[in-house]
Structures are given as structure tokens and as C-alpha cells.
Amino acid sequence: MAGARLKYRHLGRTSSHRQALLRNLVTSLFTHESIATTYPKAKEAQKLAEKLITLGKKNTEASRRRALSIFFTPHELLPKLFGPLRERYADRPGGYTRVLRIEPLKSDQAPSAILELVDGPKDMRFAMTARTIATWRMAGRPINEMTERNIEKVTRYRQKGEQELEEMVKRMSHIEIKERNDAVTQPWMKPRDPRVKDGDKK
């Protein structure tokens, strides 16, 4: 239609299918606190996840009924939403989730991302900041301005944030980071010999 604007990503699905997909994604997110999916799906699920945490902070009967209608397993996740998560984000004004771009996970090379709850046990930025601090300390180098800003971000609203960061830095100091080489083992990544036709055996 002429002049129409895209208000949201349709994700190539009907309205009912799209809603079911997003409900499934946020149910998995609140269960595991971190999920990997395509980037468009992660951005759309992020909106719904932020609304759910806002409902948890309100902690009213109406907000409980609304959250009940979204989760696929409400009997497991409602106590978590209105309990530990509500306490975790009590002082945070917003930004309860984070989307991190990653390498494509599937052979179709679709843009992929990690959707996670911030300040949780699987906070990727928290772990990456701790790894950076550990690397620079072992090298005897001072922490730069960007790392200092990241330290402030990951500890600002986290309970005992500085203490937990130091513990993570100590653990990271004993972890050896190796170069990723699993991509070359994937069959779809191997170069195809143009001289061999489909169905021919070597």
C-alpha cells in the first residue's frame, strides 16, 4: 500500500504465528536467561521481554494476568518474574535485555544474535569485560578508558557487582582462549570440486 510504514518486523509469518513465535522465544529467554536466534527475531523478542519485566516490576494483579497470557509455562516462570527478576531490576530504569550480534549459526548465513538478560549469570558483556581485565593485568598494562566505561556499565546496577567482577577476573585468568576452528569441519563449508558431478563417487 502506498505510503504505508513498517511498524514492526513481520518475520515472514501470519499474525498468530508471529505471536506464537515471540511467546516461545521469551519463554526460552526467561527459562535459560540467554538464547541464540536470528537477529530480526531477537530484536522483536527483545521488545516483548522488556514489557514482561516492566510488568514484573509493577507487581499488580493485572500485570500478573497479562504475564500469564504470554508465557507458555507460566507456572514455572511467573514466580521467577515476580521474584528474583523483579528484585534484580528494581533499581534499573530500563534496558533489561541485550542483543549481541554473532557469526551466522546456520548454513544459510542468516544474521544471528544472542538475546540475554543483563546482570544475570550468563551476562556476556560482564564475562567479556572480566576477560579483558584479566588479559591486561597478565600483560602488565593499565586499563584503558573504554574498559573503565564497560566496568561501570556492568557493575552499576548489579548487586555486589565489583566483588563478582573480581571473582570472574580470577576465574578468567586460568582459562585459555583458543582460536575457533569448528567452521572448517562443517560439510557445507568444504569447497566443492567442480570436476565431480552430483552422485559420482570418488
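The shown structure was predicted, so the numbers you read here are calculated from the model rather than taken from an experiment. Each residue is numbered by its place in its chain's sequence as written, counting from 1. Residue-level local features of this predicted model are given only where pLDDT is at least 70; pairs of side-chain atoms are given and counted only at 80 or more, and the full residue set underlies all totals for whole chains, interfaces and linings. Think of the side-chain values as coming from all heavy atoms in the structure, minus any hydrogens and water.

## Structural notes on the overall build of the protein chain
Point 1. Looking only at helices and strands, the protein chain has seven helices and three strands in total.
Point 2. Counting helices and strands in the order they occur from the N terminus, the protein chain gives α-β-α-α-α-β-β-α-α-α.
Point 3. Scored against the burial criterion, the 202 residues of the protein chain give a buried share of 35%.
Point 4. Within the protein chain, counting contacts between residues at least 6 apart in sequence, those at least 24 apart form 61% of the total.
Point 5. Residue exposure ignores everything except the shown protein chains as possible cover, and the areas themselves are Shrake-Rupley values with a 1.4 Å probe. Of the roughly 13,800 Å² of accessible surface on the protein chain, a fraction of 52% belongs to carbon and sulfur atoms. The helix count covers DSSP runs of H or I at least four residues long, the strand count covers runs of E at least two residues long, and both are numbered beginning at the N terminus. Note on classification: 1.4 Å probe, protein chains only; a residue is buried when its accessible area is under 20% of the maximum for its type, exposed when over 50%, partly exposed between these limits. What makes two residues a contact is simply this: any of their non-hydrogen atoms within 4.5 Å.

## Remarks on unusual backbone geometry
Point 1. Positive phi, normally seen in glycine, also occurs at Asn59, with a value near 55 degrees.
Point 2. Summarising the element assignment, Asn59 is placed in the loop between helix H2 (39-58) and helix H3 (61-68).
Point 3. Although it is not a glycine, Lys160 sits at a positive phi angle of roughly 55 degrees.
Point 4. Its place among the elements puts Lys160 in the loop between helix H6 (145-155) and helix H7 (161-172).
Point 5. When its relative accessible area of 63% is taken as the criterion, Lys160 is described as exposed.

## Description of the confidence of the model for the protein chain
Point 1. Across the protein chain, pLDDT averages 86, with 84% of residues at or above 70.
Point 2. Across residues 183-189, where pLDDT falls below 50, the model places six contacts with residues more than four positions away in sequence or in other chains. In predicted models, pLDDT denotes the confidence assigned by the predictor to each residue on a 0 to 100 scale.

## Concerning the environment of Ser69
Point 1. One can find Ser69 in the loop between H3 and helix H4 (74-88).
Point 2. C-alpha separation for the pair Ser69 and Arg23, spaced 46 residues apart in sequence, amounts to 9.4 Å.
Point 3. As used in this structure description, the phrase polar contact means that two N or O atoms lie within 3.5 Å; if the pair is within protein, one of them must be able to donate a hydrogen and the other to accept it, and residues adjacent in sequence are counted only when both atoms belong to side chains. A distance of 2.6 Å separates a polar atom in the side chain of Ser69 from the backbone oxygen of Arg66.

## Notes on the nonpolar core
Point 1. Among buried residues, those of type Ala, Val, Leu, Ile, Met, Phe, Trp, Tyr and Cys that are joined through side-chain atoms within 4.5 Å constitute a nonpolar core. Core analysis: the biggest nonpolar cluster contains 31 residues, and Val26, Phe30, Leu52 and Phe71 have the highest contact counts within it.
Point 2. Every element with two or more residues in this core is listed here: helix H1 (15-32), H2, H4 and strand S3 (112-117).
Point 3. Those residues within four positions of Leu52 in sequence are excluded, and the remaining contacts are Val26, Phe30, Ala67, Ile70, Phe71 and Leu81.
Point 4. Grouped together as the second largest cluster of nonpolar side chains are 10 residues, Ala127, Ala130, Met168 and Val169 included.

## Observations concerning the packing of helix H5 (residues 124-139) against H7
Point 1. Simply put, an axis is a line fit to the C-alpha atoms, just over the touching stretch for a helix, and the angle between two N-to-C directions goes from 0 to 180 degrees. Put simply, H5 and H7 touch, their axes get as near as 8 Å, and they point 60 degrees apart. Viewed along their axes, H5 and H7 adopt a mutual orientation that is oblique. For the pair H5 and H7, the sense of crossing is right-handed. The segment H5 lies against H7, with Phe126, Ala127, Ala130, Arg131, Ile133, Ala134 and Arg137 engaging Gly161, Glu164, Leu165, Glu166, Met168, Val169 and Met172. Should an angle fall under 35 degrees it is called roughly parallel, over 145 degrees roughly antiparallel, and 65 to 115 degrees roughly perpendicular, with every other angle called oblique. In this scheme the crossing of two helices becomes right-handed for a clockwise turn of the near helix relative to the far one and left-handed for an anticlockwise turn of less than a right angle.

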